[in-house]
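Structure at a glance
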Amino acid sequence: MNLHEYQSKVLFAKFGIPTPKGKVAFTADEVYAIAQEIGGPVVVKSQVLVGGRGKAGGIKVVKTAEEARDAAEKILNKLEIKGLLVRKVLVDPASPPASEIYLGITNDRTTGKPLLMASSEGGVEIEEVNRTNPQAIIREYINPAFGLHDYQTKNVASAINLPREHWDAFSKIALNLWRCYVANDAVLAEINPLAITQDNQLLALDGKMVIDDNALYRHQDLVGLRDTDSEPKSETQAREAGISYVQLEGGQIGCMVNGAGLAMTTMDMIMLYGGGEYGPANFLDVGGGAQADKVAAALRIILSDGNIKSILVNIFGGITRCDEVARGMLQAYDEVKPEVGIVIRLQGTNAKEGREIIDNAKIPRLVTAATLTEAAQKSVAAAKGEI
């Protein structure tokens, strides 16, 4: 789950990271009131979960509250940045930096360790720095059992040529960022830029956090912070239905499977028999059960993709009996009334009985398969209109 800048900076402040004393606003009048309260120059920053806000005109530095209101009137509910409408802005005191640093912590899946990254080239996307000047990024791996140590942060400060007078402050910020990262089960905690201000202080001018979705049950205070504007509507619906779903680009065959490993195998088999012409349109795991209401929700989510030409349902019945799945599938089919061919592969407890229930229903373009190979081949044939 991605957090907005203002949400990330609120979390940073809770862990002792210095941030501007700004506030979020939803109307131009609110922007005016906040700017008056701050006094002096302010920066009005669009809050959308994409990069490139400055280039798109979504960040404005102004001198007065009146100018702040005028800027907000041009941004709020009028400006789109990479397809996302700006619905709120952050009003921060303007703090022109003397220099800018990048500081972030993320997961390194290759080593299985958290990774602290820093660069003296702050203020631009770290991916761009990595592409144009990778040696400017200093990396320090963190042992998850022992955490981040002070000597590591000092090593990083030295390596990015940070003036010695700022080492203690930088170290404190880095250690607090690590605490924030761990406490919130983040997969990314980033300050860009961490500025050295005109009065020679370190200040987190921008922030970004990504929270591990699998850990959100431990953070009910964060669940309500999710902004669904930037995610496909189908993924929002799937999450509300308790279904794991990821839409893929370019695929034509929808997948409904119980179990993540089986879902990945199903996608691989579709790719194998699709011949490069047909591929999986999504990853969808309905979980351990496959009740009629959940199957119906999954069908609606899959069919919300206009590229779907067939659907492969691959259910392994363990505790869940395949005959119950078959009855639920027929009920869901009657509710949703899909117009594409559906291939159902049932395996496990009462698989034969389940297939008989589907076959005896004699519904056009609703067919069964005994093996995954047969199911993948039939789903490709259905996408071609041959079933």
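Quantities reported herein were computed from a predicted structural model and do not represent experimental measurements.

Let us now look at a negative patch on the surface. A cluster of acidic residues, Asp29, Glu30, Glu66, Glu67, Asp70 and Glu73, forms a negative patch on the protein surface. Counting residues per element, the ones that place at least two in the negative patch are helix H2 (28-38) and helix H3 (65-75). At four residues, H3 tops the list of elements feeding residues into the negative patch. Its location among the elements puts aspartate 70 in helix H3. By relative accessible area, which is 41% here, aspartate 70 ends up partly exposed.

A few words now on the pattern of salt bridges. According to the stated counting rule, one finds 18 salt bridges in the structure shown. The salt bridge involving aspartate 206 is made with arginine 53; its shortest N-O contact spans 3.0 Å. Of this pair, aspartate 206 sits in the loop between strand S11 (202-204) and strand S12 (207-211) while arginine 53 is found in the loop between strand S2 (42-46) and strand S3 (59-62), placing the two residues 153 residues apart along the sequence. Between aspartate 150 and lysine 154 there is a salt bridge whose closest N-O contact spans 3.1 Å. Placement of both aspartate 150 and lysine 154 in helix H5 (residues 150-159) is noted, with a separation of four residues, approximately one turn of the helix. By relative accessible area, aspartate 150 is classed as partly exposed at 36%.

Turning next to the packing of aromatic side chains. In total, this model carries one aromatic pair according to the counting rule given. Ring centres 5.7 Å apart and planes at 20° place the aromatic pair tryptophan 178 and tyrosine 181 in the stacked group. Of the two residues, tryptophan 178 and tyrosine 181 both sit in helix H6 (residues 167-183), three residues apart, roughly one turn of that helix. Tyrosine 181 carries the same exposure label as tryptophan 178, and that label is buried.

Looking now at the packing of H2 against H3. Any two packed helices are characterised by how steeply their axes cross, that is the angle between the axes, and by the distance between the axes. One can describe the packing of H2 onto H3 by two numbers: an axis separation of 8 Å at closest approach and a directional angle of 150°. Judged by the inter-axis angle, H2 sits roughly antiparallel to H3. Here H2 runs over H3; the crossing is right-handed. On H3, the residues touching Ala28, Asp29, Val31, Tyr32, Ala35 and Gln36 of H2 are Ala65, Glu66, Ala68, Arg69, Ala72 and Glu73. Residues of the contact of H2 with H3, tallied by class, amount to seven nonpolar, one polar and four charged.

Right, let's talk about the sheet that holds S3 for a bit. Here we have four strands laid out as an open sheet, ordered S1-S6-S2-S3, and antiparallel in their pairing. The open sheet has two edge strands, strand S1 (23-25) and S3, and neither has a second partner. On average, adjacent strands in this sheet sit at an angle of 25° to one another, irrespective of strand direction. Taken together, the five bridges between S2 and strand S6 (residues 89-93) define a ladder with antiparallel strand orientation. Note that in S6 the partner of valine 42 across the bridge is proline 93. Along the sheet, helix H1 (residues 5-14) contacts S1, S2 and S6; its crossing angle with S6, the most-contacted strand, is approximately 50°. Sheet strands in contact with H2 are S1, S2 and S6, and its direction is about 15° off that of S6.

All right, on to the pairing of strand S18 (residues 366-369) then. Where strand S17 (residues 341-348) meets S18, four bridges bridge the pair, whose relative direction is parallel. The residue of S18 that forms the bridge with valine 343 is valine 367. In this fold, the crossover linking S17 to S18 by way of helix H12 (residues 351-361) has right-handed handedness.

Locating serine 379 in the fold gives a position in helix H13 (residues 372-383). What makes serine 379 buried here is its relative accessible area of 0%. With near-sequence residues (within four places) excluded, serine 379 lies in contact with Ile253, Ile270, Ser310, Leu312 and Val343.

Each value, and the rule that gives it
- Residues numbered from 1 in each chain as written.
- Predicted model: local features only at pLDDT ≥ 70, side-chain atom pairs only at ≥ 80, totals over all residues.
- Heavy atoms only, no water.
- Patch = residues over 30% accessible without salt bridge, like charges linked within 9 Å, V, L, I, M, F, W, Y side chains within 5 Å.
- Areas by Shrake-Rupley, 256 points an atom, 1.4 Å probe, with all protein chains shown as cover.
- Salt bridge = Lys/Arg side-chain N within 4 Å of Asp/Glu carboxyl O.
- Lys, Arg positive; Asp, Glu negative; His and termini not counted.
- Charge placed at Lys NZ, Arg CZ, Asp CG, Glu CD.
- Helix = DSSP H or I, 4+ residues; strand = E, 2+ residues; numbered from the N terminus.
- Buried < 20%, exposed > 50% of the residue type's maximum accessible area, 1.4 Å probe, protein only.
- Phe/Tyr/Trp six-rings, centres within 6.5 Å; stacked < 30°, edge-to-face > 60°.
- Axes fitted to C-alpha atoms, helices over the stretch in contact; angles between N-to-C directions.
- Parallel < 35°, antiparallel > 145°, perpendicular 65-115°, else oblique.
- Left-handed = near helix turned anticlockwise from the far one by under 90°.
- Contact = heavy atoms within 4.5 Å.
- Nonpolar A, V, L, I, M, F, W, Y, C, P; charged D, E, K, R; others polar.
- Pairing = 2+ DSSP bridges.
- Right-handed = clockwise from strand over helix to strand, strands pointing away.

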